[in-house]
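Residue-level structural notes
Residue strings, one per chain:
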Amino acid sequence: MAQQQDRALTAETVDREHGSGLRRLRFSAPVERLFLDEYLRRRARMVPLWALLGTLCYLAAILGDLSMMPDVAPAVVALRLGVFVPYALAVVLVMRRRPSAAAYDGLALGVGILGLSLPMGALVFSESPYLIVYQTGSVATLAFFAIVLRPRFRTALAGLAAMVAIQLAATALNGRFDAVTYAGLVTFYLTIGTFLALSAYFAERMDRLNFLSRLRGEALQAELARLSERDPLTGLGNRHGLDRFRDAMWTALPRTMAAIMIDLDHFKLYNDLHGHIDGDACIGAVARVVAEQAGARGHAFRYGGEEMLVLMPDADPHAAAALGEAIRRAVEALRIPHRGLPGGGLVTASLGVAWGRTDGCDFEALLRAADAALYEAKRGGRNRLHGDGAGFPAVA
């Protein structure tokens, strides 16, 4: 339900997110929730592939362990196989069973830090002459974390800072790099870390911008669809909206359906005497009270001219009759003068009600029964409802 409400965001709401929401990389709560849903879907479906390819590449680095750090290679190989591989399998399992955006970011952070710290931890104790070459392999781990895994920027920034710190601490603790070489390593990894952090920021910013563009397009489409189903004069559903409602109700699970047909009494005479502008105002005022009375209990449509229709899913006959009578009273309470009626007459409405089951009658039969009931109300003197609970027409 929350997601359906979120999807009802307007284009104006989405437009407001383009400012601070993009700069801070965080939207207002409903938009952020939708963004994280999409973020999780995109990341989660790639986790098994990334885990497989990342693990294979990480294990391929064993060749470098054996050739460049033979003195600590057994320890590094054991760490790669005994720690990283189980962690990669755990990532897949967690994302399958308890997926969330926060879980993905946390697990990606673990991949980056663990992937770099295992070989760098062994490097501390190595006396190999090839350490300057070996440690450059950390660049691949940094890039995999920031570019391939692509956690959100704040996680990427924290991860890159931690990984660069581990890299520089390990090379310092090893003690085999002279001051000039170590200064070069510091400059190199700070530069790499900065560039990757900037790329993570702008990548997420672009993702959010593209997301807003798609969301705005969806919002505009939803608004156009809504407008195409609304009568411009009354704001009630139009015939297109009625057709869509029928298709939804008559193809779903069987249910009861009540139809209340509403027609303004002597309205042609009202139009002739008061003019079409007042006639439209009269229809608009009646439509408002019909919509107010129907509320959440029914769906109101302008059926044609001054005729309106309320459909009530899952309603029993007595509830439908009660709503119809409430509408009749509300129209009369508007006290709209009708100069064509003697004695200071007012605009009133006649109503006909029919009731049936969607698996026992078709839509047109239900409306014909309601229309026939409306005719009986007109013939019986107008300003009345034909049918009183179980007594009104039931369509078999």
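Residues numbered from 1 in each chain as written. Predicted model: local features only at pLDDT ≥ 70, side-chain atom pairs only at ≥ 80, totals over all residues. Heavy atoms only, no water.

For strand S3 (residues 307-313), a buried count of seven out of seven residues is recorded, marking the element as mostly surrounded by other parts of the structure. On S3, burial covers both faces: Glu307, Leu309, Leu311 and Pro313 on one face and Met308, Val310 and Met312 on the other are all buried. Sheet topology places strand S1 (residues 256-264) next to S3; seven bridges connect them, and they run antiparallel. In the sheet register, Met261 faces S3, and the bridge partner there is Leu309. Two strands pair when backbone bridges link them, and strand S2 (residues 299-304) and S3 are joined in this way by five bridges, in the antiparallel orientation. Each bridged residue has a counterpart across the sheet, and for His299 the counterpart in S3 is Leu311. (Buried < 20%, exposed > 50% of the residue type's maximum accessible area, 1.4 Å probe, protein only. Helix = DSSP H or I, 4+ residues; strand = E, 2+ residues; numbered from the N terminus. Pairing = 2+ DSSP bridges.)

Along the chain, the position of Ala143 falls in helix H10 (residues 138-149). Using a relative accessible area of 25% as the deciding quantity, one classes Ala143 as partly exposed. Linking Ala143 and Leu196, residues 53 residues apart in sequence, is a C-alpha distance of 7.2 Å. Look past the residues within four positions of Ala143 in its chain and what remains in contact with it is Val148 and Leu196. (Contact = heavy atoms within 4.5 Å.)

A cluster of basic residues, Arg23, Arg24, Arg154 and Arg205, forms a positive patch at the surface. Within the secondary structure, Arg23 sits in helix H3 (residues 20-23). For Arg23, a relative accessible area of 55% corresponds to the exposed category. (Patch = residues over 30% accessible without salt bridge, like charges linked within 9 Å, V, L, I, M, F, W, Y side chains within 5 Å. Areas by Shrake-Rupley, 256 points an atom, 1.4 Å probe, with all protein chains shown as cover. Salt bridge = Lys/Arg side-chain N within 4 Å of Asp/Glu carboxyl O. Lys, Arg positive; Asp, Glu negative; His and termini not counted. Charge placed at Lys NZ, Arg CZ, Asp CG, Glu CD.)

This next bit is on the packing of aromatic side chains. Here the structure, examined in full by the defined rule, presents 13 aromatic pairs. For the pair Trp50 and Tyr104, a centre-to-centre distance of 6.4 Å together with 50 degrees between the ring planes defines the contact as tilted. Of this pair, Trp50 sits in helix H5 (residues 47-60) while Tyr104 sits in helix H8 (residues 101-123); the two residues are 54 residues apart in sequence, bridging distant segments of the chain. As far as burial versus exposure is concerned, Trp50 and Tyr104 are alike and both buried. Linked through ring pairs, Phe27, Phe35, Tyr39, Trp50, Tyr104 and Phe211 together constitute an aromatic cluster. (Phe/Tyr/Trp six-rings, centres within 6.5 Å; stacked < 30°, edge-to-face > 60°.)

Met69, Tyr104, Leu142 and Phe211 are the most contacted members of the largest nonpolar core, which totals 55 residues. For this core, the secondary structure elements donating two or more residues are helix H4 (29-44), H5, helix H7 (73-97), H8, helix H9 (131-134), H10, helix H11 (153-174) and helix H12 (179-228). Ranked by the residues each element gives to this core, the list is headed by H8, at twelve residues. Look past the residues within four positions of Phe211 in its chain and what remains in contact with it is Phe27, Val31, Leu34, Phe35 and Glu38. The next biggest cluster of nonpolar side chains, apart from the first, holds 31 residues, and it includes Val286, Val289, Met312 and Ala315. (Core = buried A, V, L, I, M, F, W, Y, C linked by side-chain atoms within 4.5 Å.)

Everything listed is a geometric property; what it means functionally is a separate question.
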